[in-house]
Amino acid sequence: MNIRHVTKPTLAALLAIILAACAPSAPRTDVSTQPLKIASWNLEHLAADDGMGCRPRTEADYATLRGYVERLDADVIAFAEVENAKAAARVFTPDKYTVLMSARPGGVRHGFCKRDATSGPTIRKQDLGFAIRKGLRYEKHEELKDIALGNPDLRWGVDISVDRGGQPLRLLGVHLKSGCSAGDSSGACPVLFDQVPVLHRWIAQREQDRSAFIVLGDFNRRLAIAGDSVWKDLNANLPGQVALVNAGAGVGASCKQRYPDFIDHIVLGGTGVARVQPGSFAEFDYGVPEPQHPSDHCPISVLVN
């Protein structure tokens, strides 16, 4: 149709439709009447200051990440590989989110980011925490320190509860030892395997408490592969009547073309299994080619009643 022949009312209507299509979706501000969107996101060496760390960023890069937070629109985000609370606040802004960081002291790992490098960016602390939407009630529990096995360079588990309408949900954020994504032959596997019983004890205690709980984060393990030994060990001899559920089981990862299996997971247990909305697991799509992704991990999420 030639636009010069459109009447003014019709043209106005068309403009209204265009503007509505371009407008951002309304944020989930009323968390009391909607399912909770729970997400996990490894932010790949998020430093507090511009130009620092193993993935140096500019203010424009932090602004891009903030835009993705808006699109993700989650109520609770378990995040990993973040230097400190200042770094987290550059992405999860204080007007919208409360940031809870791990209290783990600084590790002893140091040096240049690239193996055998003699110059360039230097390694910064990598830690984890939660970003909680303002207005959602929460409680921070004692961190799961034992999962670090006494090694100052291994991360603690961050343990919180969120409560909407008198329905508490226990959340444990984890970032386990890297380098043992499958099998048992890697040199990193003994460390990861020693972390599993610690995590199992936490899960068993929540089962005994009859809690609704989720363990989520970067497990650095392809738990959904058939017969995975870590998944078997996490499920072994639990006191509850309902087995653990990996929300992403049966879904292929698409964030990085070379990795078709998830190493980030959202694992539900106890009465939390019945509260998850079936089919709500999702992997967030940055909407740009892989080389332009702002992190080497994509967020994943579920909806919980």
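Before any of the text, the structure's been laid out above.
Not measured: the values here are computed from a predicted model.

(A) Summary view of the pairing of strand β8 (residues 212–218). Counting buried positions along β8 yields seven of seven residues, so the element is predominantly enclosed. One ladder, built from six bridges, connects strand β7 (residues 167–175) with β8; its direction is parallel. Following the sheet pairing, H175 is matched in β8 by D218. As paired strands, β8 and strand β10 (residues 264–270) are joined by seven bridges and run antiparallel to one another. Bridge pairing in β10 places L216 opposite I266.

(B) Structural detail: the pattern of salt bridges. In total, this model carries 18 salt bridges according to the counting rule given. Between E70 and K96 there is a salt bridge; the shortest N-O distance is 2.1 Å. Here the residue E70 occupies a position in helix α2 (residues 59–72), and K96 occupies one in the loop between α3 (85–89) and β3 (97–101), the gap between them amounting to 26 residues. For R221, the salt bridge goes to D228, with nearest N and O atoms at 2.9 Å.

(C) Expanded view of the sheet that holds strand β6 (residues 158–164). Here six strands make up an open sheet; going across it, the order is β5-β6-β7-β8-β10-β9 and the pairing mixed. In this open sheet, the two edge strands, each paired with only one partner strand, are β5 (137–140) and β9 (245–246). In the packing of helix α4 (residues 189–209) onto the sheet, contacts are made with β6, β7, β8 and β10, and the angle to β8 comes to roughly 160°.

(D) Layout of the layout of surface pockets. Computed from the structure, the largest pocket encloses a volume of approximately 1,300 Å³. Taken together, 46 residues form the lining of the largest pocket, with E81, S178, D218, N220 and H297 sitting closest to its centre. With three residues, strand β1 (residues 36–46) is the single largest residue contributor to the lining of the largest pocket. For the lining of the largest pocket, a count of residues per class yields 15 nonpolar, 12 polar and 19 charged.

(E) Structural context of the pairing of β3. The element β3 is extensively covered by neighbouring structure, given that four of its five residues are classed as buried. As paired strands, β3 and strand β4 (residues 127–133) are joined by five bridges and run antiparallel to one another. Along β4, the bridge assignment pairs M101 with G129.

(F) Inspection of α2 at higher detail. End to end, α2 covers 20 Å across 14 residues, agreeing with the expected 20 Å (1.5 Å per residue, within 8%). Looking at the residues trailing α2, positive phi occurs at D73, about 55°.

(G) Structural context of the state of the cysteines. With the rule as written, the count across this model stands at three disulfides. A sulfur-sulfur separation of 2.0 Å characterises the disulfide bridge that pairs C180 with C189. With the S-S bond torsion at 95°, the cross-link from C180 to C189 turns out right-handed. With a sulfur-sulfur separation of 2.1 Å, C255 is cross-linked through a disulfide to C298. Taking the sign of the S-S torsion, 75° for the link of C255 and C298, the bridge is right-handed. With C255 in the loop between β9 and β10 and C298 in the loop between β11 (282–283) and β12 (300–304), the pair connects residues that are 43 residues apart, well separated along the chain. You can call C255 buried: its relative accessible area is 7%.

(H) Molecular detail of the side chain of Q126. Following the sequence through the fold, Q126 ends up in the loop between β3 and β4. Look past the residues within four positions of Q126 in its chain and what remains in contact with it is H45, E81, V82, R104, R109, R155 and H175.

(I) Quick look at empty space enclosed by the protein. One pass over the full model with this rule turns up two cavities of 30 Å³ or more. Its boundaries defined by the atoms lining it, the largest cavity holds a volume of some 40 Å³. Around the largest cavity, the lining residues are H45, L46, A47, G53, C54, E81, V82, E83, R124, K125 and Q126. Listing elements by their share of the lining of the largest cavity, those giving two or more residues are β1 and β2 (76–82). Class assignment for the residues of the lining of the largest cavity results in four nonpolar, three polar and four charged. There is about 30 Å³ of room inside the second largest cavity. Lining of the second largest cavity is provided by S40, A78, F79, A80, L128, G173, V174, L216, G217 and D218. Listing elements by their share of the lining of the second largest cavity, those giving two or more residues are β2, β7 and β8.

(J) The arrangement of the nonpolar core in detail. In terms of nonpolar packing, the biggest core is built from 29 residues, with I38, V76, F130, I160 and L171 touching the most fellow members. At the level of elements, β1, β2, β4, β6, β7, β8, β10 and β12 are the ones that each hand at least two residues to this core. In this structure, I38 is in contact with V76, L169, L171, L216, I266, I300, S301, V302 and V304, ignoring residues within four places of it in sequence. Ranked by size, the runner-up nonpolar core spans 26 residues in total, among them A74, F79, A87 and A88.

Conventions adopted
Residues numbered from 1 in each chain as written. Predicted model: local features only at pLDDT ≥ 70, side-chain atom pairs only at ≥ 80, totals over all residues. Heavy atoms only, no water. Buried < 20%, exposed > 50% of the residue type's maximum accessible area, 1.4 Å probe, protein only. Helix = DSSP H or I, 4+ residues; strand = E, 2+ residues; numbered from the N terminus. Pairing = 2+ DSSP bridges. Salt bridge = Lys/Arg side-chain N within 4 Å of Asp/Glu carboxyl O. Contact = heavy atoms within 4.5 Å. Axes fitted to C-alpha atoms, helices over the stretch in contact; angles between N-to-C directions. 1 Å grid on protein atoms, 1.4 Å probe; cavity = no way out; pocket = protein on both sides within 12 Å on 5 of 7 lines; lining within 4 Å. Points joined across faces, edges and corners; volume = space filled by probe spheres on them. Nonpolar A, V, L, I, M, F, W, Y, C, P; charged D, E, K, R; others polar. Expected span 1.5 Å × (residues − 1). Disulfide = S-S within 2.5 Å. Core = buried A, V, L, I, M, F, W, Y, C linked by side-chain atoms within 4.5 Å.

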